[in-house]
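The lines below spell out each chain.
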Amino acid sequence: MEGLKNEMKMEFSASSSNEGFARVAVGAFVAELNPTVDELADIKTAVSEAVTNCIIHGYEQKGGSIWIHCSTEGKQIEISVMDVGKGISDIARARAPMFTTKPELERSGMGFAFMEAFMDAVEVVSEPRKGTCVTMRKTLGEG
């Protein structure tokens, strides 16, 4: 199987009860690459942060849909998490550690920082009132 390309797409409701579902689904998809326990935990945490951002910030907990697209090729995984929520007007500011637009919800402002720490690359594309797409990449076995 190594070297072959594989992909998966899914859509689910932007509900906090589905955050765990997203983690498990992506983890099961990545399992074919035989990740270490740490690599799998990193990927699941990054997915959790991206999905939570869609729910809390993109849709402001008012519902909507979240889409995840995953692809693997060789030992590389690419995961895109998308919403059509309110979008991000200042991506650089949103990516800054400790910045949050929801301090009243006791948000730590570390979502993007965690994604960047656990993945090799994180790209954010967003447009106000149109939504956000976070694409994360990781090559397994590179420590």
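This text follows the structure it describes.
Residues numbered from 1 in each chain as written. Predicted model: local features only at pLDDT ≥ 70, side-chain atom pairs only at ≥ 80, totals over all residues. Heavy atoms only, no water.

Engineer: I keep staring at the pairing of strand β5 (residues 131-139) and nothing clicks. Help me out?
Structural biologist: In terms of residue burial, β5 counts as a mostly covered element, since seven of its nine residues are buried. As paired strands, strand β3 (residues 76-83) and β5 are joined by eight bridges and run antiparallel to one another. If you follow Val81 over to β5, its bridge partner there is Val134. Both strand β4 (residues 121-127) and β5 contribute to a ladder of seven bridges, which runs antiparallel. Note on β5: the bridge partner recorded for Ser126 is Thr132. (Buried < 20%, exposed > 50% of the residue type's maximum accessible area, 1.4 Å probe, protein only. Helix = DSSP H or I, 4+ residues; strand = E, 2+ residues; numbered from the N terminus. Pairing = 2+ DSSP bridges.)

Engineer: Would you mind going over helix α2 (residues 37-58) with me for this structure?
Structural biologist: Along an α-helix, residues three or four apart share an orientation, since each turn contains 3.6 residues. The terminal C-alpha atoms of α2 lie 30 Å apart, and with 22 residues this matches the ideal 32 Å at 1.5 Å per residue to within 8%. After α2 finishes, the residue Glu60 shows a positive phi value of roughly 50°. (Expected span 1.5 Å × (residues − 1).)

Engineer: Sorry, what's going on with the packing of helix α1 (residues 19-30) against α2 here?
Structural biologist: How two helices pack is summed up by the angle between their axes together with the distance between the axes. Closest axis-to-axis distance for the α1/α2 pair is 9 Å, and the angle between their directions is 140°. Read as a crossing pair, α1 and α2 show a hand that is right-handed. Where α1 approaches α2, its residues Glu19, Ala22, Arg23, Val26, Gly27 and Val30 are matched on the opposing element by Leu40, Ile43, Lys44, Thr45, Val47, Ser48, Val51 and Thr52. When its residues are assigned to classes, the contact of α1 with α2 shows seven nonpolar, four polar and three charged. (Axes fitted to C-alpha atoms, helices over the stretch in contact; angles between N-to-C directions. Left-handed = near helix turned anticlockwise from the far one by under 90°. Contact = heavy atoms within 4.5 Å. Nonpolar A, V, L, I, M, F, W, Y, C, P; charged D, E, K, R; others polar.)

Engineer: Teacher, can you tell me more about the packing of aromatic side chains here?
Structural biologist: Given two aromatic rings, one states the distance between the centres and the angle between the planes to describe the pair. Summed over the entire model, instances satisfying the criterion amount to two aromatic pairs. Plain terms: the ring middles of Phe114 and Phe118 are 6.2 Å apart, the flat faces sit at 15° to each other, and that makes the pair stacked. Pair noted here: Phe114 and Phe118 are both in helix α4 (residues 111-118), with a separation of four residues, about one helical turn. Owing to a relative accessible area of 33%, Phe114 belongs among the partly exposed residues under this scheme. (Phe/Tyr/Trp six-rings, centres within 6.5 Å; stacked < 30°, edge-to-face > 60°.)

These results come straight from atomic positions and should not be treated as a statement about function.
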